[in-house]
Every structure is written in C-alpha cells, then in structure tokens.
Amino acid sequence: MRTLLVTGGAGFLGSHFVRRLLRYEEIARITVLDALTYAGHAENLGEAFLDSRMHFVEGDILDADVVDHLLAQHDHVVHFAAESHVDRSLYEASTFLTTNVQGTRTLLDAARRRGVAKFVHVSTDEVYGPLLTGAADESAPLRPTVPYAASKAASDLVAMSYFHTYGVPVCITRSSNNYGPRQHPEKIIPLFVTRLLNGQPVTLHGRGQHVRNWLHVDDNCAGIELVLRSGSPGEVYNIGGGTDLSSKELTGELLRICGSGWDQVRYIPDRLANDQRYAMDWSKLAALGYQPARDFQAGLEETVDWYRRNPDRWAPLSRSPLPSPRSAHSAQSLQEPQHA
Ligand code: NAD
C-alpha cells in the first residue's frame, strides 16, 4: 500500500484515519479530498499538514474531473465523505442522496476507469435498521428507516454492484456509533458535553430508551485499516465496540464526568423514526484479528477532557442550530437542540 486517496479526511473519522496512516513509513502519499462542508475542518488534520506525504485538495466527490485526476495517482481509496447527521437528513434528504449515493457512484466510476487495488467504502450499522433482539451479521437484510440510513444503504448497494459488475475491488465497513475527540458538536456525545460544560440543559428523546453500541474512533480506524489491508474484495465487515448503552445511561455517564446533575436533563417527544436499538455481530472482522482496544470509561473521559480544553474549536460550531423537525407524536415544534 503506497498511495491512498481519503475522501472526507477533514471530518471526524477521516481525520483520525489520516493521522493514523501517516505513522507508517510504507505510505508514500495520502491525498485528502474534502469539500469542507459545515462538517469538515482542515484543523482536524492538525500536525498531518506538517508531513510532506499528506496533500489536501479542497473539492467535491461529485466533481468527476477532480476525482478522475486523483484516482489516476492513487492505488487505494478509503471513502469517508458523506452527509452524516441523521437529524439533518429528516428535512434535507436530497443533499444526502446526492452526496452519499451519486458522490459514491462518481468515485466508483473513476476507480473502475483508473483501476485501484482496493476501495474501502465506509458505512454504518444504521443500514440494518432497528433490532429489538439479537444482532445483525453482514448477511442481514438492509432495513433503513431514516433518509440518512437509506442513502448509506443505497450507496452500499451501488458500491457492491461495481464489484459484481465491473470487478472494482470494493470492501464495505459498517460501524456502530463512534465517539472521540474532534467530533462535530451536532452529534449526541459532543452536543451533550459542550452544553453541560456551558451549564446548559440537555434533551433526551422519549424516555431516553434508545440503545446504541459505542465504538471509540481509534478502534473504528483500526478496523478500517484491517479491512484495507486484509479484507476480501466483495465483502462487508461489521465493526463494533464493547459498550451498549441507552441514551439515558449514556447521559448518566456524561453528567458524572462533567460534574452535572439530572436537573440539567429535559425530556422531549421522540424524534421521527428513532430506531429503538442497533446491534451488530462483528465476529467476521474478529476472525481477521480485530478487537476493540479502547476502554469506554477512559475513552469517554479523554473525549470530555478534549472538549474542556478546546472551547475555541467547538464553540463557533455550536452556534448553528438545526431547524426544528416535527415530532411523530406531537404537533409541537421541537425547539431544543436535536442529535443523532
Ligand atoms: P463528518 O460529517 O464528521 O465528516 C464528513 C466529511 O465529508 C466532512 O469533512 C465533509 O466536509 C466531507 N464531505 C461532505 N460532503 C462532501 C462532498 N460532496 N465532497 C467531498 N467531501 C465531502 O462524518 P464522520 O462522522 O467522520 O463520518 C464519516 C463516514 O463514516 C460517513 O460516511 C459516515 O456515514 C460513516 N459513519 C460514521 C459514524 C459515526 O459515528 N460518526 C458511524 C458509522 C459510519
């Protein structure tokens, strides 16, 4: 593995992944292609800019000329770029379908023309939809419920069709909910942390009963790297962490770490199509050697500490609230900040 194109490398996961890969001497060049939407920040790449092997291109994955030019120079692709926030997809599905589906198709067309050694498409457990019991393995049916998850499921299917039809060496990773430093404060953990650190209330949907599996961003990046190196083309790999929590349980952890009490918590009507529980079986990747290494408590404390020490990074991002989507169960408009 010598040359790598990383799309969405100025976002949360992509920037962690680029920093990780630059540790390896075998890497001759990493090019980040990122449109720097509201979610992308070049500062996320930090000291990676000091490494002469890292190149940054501000551009859109929908721009076929740019993508074709870059694919001619790189032999591996890791595709993170996406619209990633569930709540936003509830009122602007069109952007999600354009970026996540057509953007992925644009990259795959270029990969097909130029010939790449591996194309890793980064996806999510949300494509499986809610499971009240059990856990989805990679052969489980795709039952996405919200536009974000549907756009990711569609992009997964398009990616796999390019493997079957044209032989593009595609692997797909599907991970659970990530947490860690430098995540945009629209997502639940940084949203709650930044509000609690500011002495503001946080809001729980419904009764706070929705269960998610939590995965440290370092563990996801390790799993994606393993798939990049050892995954078989045409295969999907689930990547999970060791901690399942309801949103109420997660809130309890964050209150404790931030030194806040339950009087800071407000309950609001449930979000549209808020899936009750996600759960994945990731034994397929474990058979290749994957094990999540990060302890949840320690990882969460380190994450809160990053937000405590870097208010200049997240405070400007916290000032653009979402429009208020309407609840499925109430005609009332929701005025409190939402989260995924
Ligand atoms: P993010 O929103 O932090 O970053 C997305 C990046 O993509 C941003 O830098 C943005 O500028 C860039 N981007 C958006 N549209 C673009 C376009 N048209 N052209 C070029 N760049 C564009 O997202 P993230 O949390 O880092 O997620 C990265 C990927 O991982 C996404 O595909 C997401 O679906 C997937 N994923 C994320 C999680 C999670 O918990 N964060 C879990 C599972 C899967």
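All figures in this text were calculated on a predicted structure; none of them were measured in a lab.

**Q** Just checking my understanding: could you explain the pattern of salt bridges for this structure?
**A** Think of it this way: side chains of opposite charge can pair up when their charged atoms draw near. Inspection of every chain in the model, using the stated rule, returns 18 salt bridges. A salt bridge links Glu235 to Lys284, with the nearest nitrogen and oxygen atoms 2.6 Å apart. Taken as a pair, Glu235 in the loop between helix H7 (217-230) and strand S10 (236-239) and Lys284 in helix H9 (residues 283-286) lie far apart in primary sequence, 49 residues in all. Overall, the relative accessible area of 30% leaves Glu235 in the partly exposed class. Here Arg256 ties to Glu253 by a salt bridge, and the two come within 3.0 Å at their closest N and O atoms. Taken together, the residues Arg256 and Glu253, both in helix H8 (residues 247-258) and three residues apart, mark about one turn of the helix. The exposure class assigned to Arg256 is partly exposed, which follows from its relative accessible area of 47%. Through salt bridges with shared partners, one network takes in Arg20, Glu26, Glu225 and Arg229.

**Q** Looking at this structure, I do not really get the domain arrangement of the chain. What am I missing?
**A** Quite often, the size of an interface is put as the accessible area lost when its parts meet. Here the domain parsing of the chain yields domain 1 (3-178 + 215-239) and domain 2 (185-212 + 243-276 + 294-333). Each of domain 1 and domain 2 has a C-alpha centre, and these two points are 25 Å apart. Taken together, the contacts link 20 residues of domain 1 with 16 residues of domain 2. Roughly 1,700 Å² of surface becomes buried between domain 1 and domain 2 when both sides are summed, with 55% attributable to carbon and sulfur atoms. The salt bridge involving Arg88 is made with Glu186; its shortest N-O contact spans 2.9 Å. For the pair domain 1 and domain 2, the interface holds eight residue pairs in polar contact (both at pLDDT 80 or more). Per element, the largest residue contribution to the side of domain 1 that touches domain 2 is three residues, and it comes from helix H3 (residues 86-89). Tallied by class, the residues present in the side of domain 1 that touches domain 2 amount to seven nonpolar, eight polar and five charged.

**Q** Could you clarify how one ought to interpret the sheet that holds strand S5 (residues 118-124) in this entry?
**A** Sheet strands pair via backbone hydrogen bonds, and the direction of the pair is either parallel or antiparallel. Within the open sheet, the seven strands sit side by side as S3-S2-S1-S4-S5-S6-S10. Their pairing is parallel. The open sheet terminates on both sides in strands that have one partner only, identified here as strand S3 (54-58) and S10. Geometrically, the sheet is characterised by an average inter-axis angle of 20° between neighbouring strands, direction not taken into account. Pairing geometry for strand S6 (residues 170-175) and S10, over four bridges, is parallel. Paired with Ser175 across the two strands is Ile239, which belongs to S10.

**Q** Hey, could you run me through the confidence of the model for the chain in this one?
**A** Low-pLDDT stretches of the model should not have their predicted coordinates read in fine detail. Scored by pLDDT, the chain has a mean of 93; 94% of the residues are at 70 or more. The model gives residues 323-337 a pLDDT under 50, and that stretch makes 26 contacts with residues more than four places away or in other chains.

**Q** Explain helix H1 (residues 12-21) here, please?
**A** Each α-helix turn comprises 3.6 residues. Residues three or four places apart therefore point the same way. Across the ten residues of H1, nine count as buried, placing the element largely inside the fold. Restricting attention to buried positions, one finds in H1 the residues Phe12, Leu13, Gly14, Ser15, His16, Phe17, Val18, Arg20 and Leu21.

**Q** I would appreciate a short explanation of the sheet that holds strand S9 (residues 211-216) in the present structure.
**A** As summarised here, the arrangement of the three strands in space is S7-S9-S11, forming an open sheet in which the pairing is mixed. Bordering the open sheet on either side are strand S7 (177-179) and strand S11 (243-246), each of which pairs with just one other strand. Put simply, the sheet's adjacent strands are angled 45° from each other on average, direction ignored. The sheet contact formed by S9 and S11 spans four bridges and is antiparallel. Residue pairing for S11: Arg212 is matched across the bridge by Leu245. Against the sheet, H8 makes contact with S9 and S11, and its axis sits at roughly 100° relative to S11, the strand it touches most.

Cut-offs and rules
- Residues numbered from 1 in each chain as written.
- Predicted model: local features only at pLDDT ≥ 70, side-chain atom pairs only at ≥ 80, totals over all residues.
- Heavy atoms only, no water.
- Salt bridge = Lys/Arg side-chain N within 4 Å of Asp/Glu carboxyl O.
- Helix = DSSP H or I, 4+ residues; strand = E, 2+ residues; numbered from the N terminus.
- Buried < 20%, exposed > 50% of the residue type's maximum accessible area, 1.4 Å probe, protein only.
- Domains from an automatic or database assignment.
- Contact = heavy atoms within 4.5 Å.
- Buried area = accessible area lost by both parts, 1.4 Å probe.
- Polar contact = N/O pair within 3.5 Å; in protein donor to acceptor, adjacent residues only side chain to side chain.
- Nonpolar A, V, L, I, M, F, W, Y, C, P; charged D, E, K, R; others polar.
- Pairing = 2+ DSSP bridges.
- Axes fitted to C-alpha atoms, helices over the stretch in contact; angles between N-to-C directions.
- pLDDT = per-residue confidence, 0-100.

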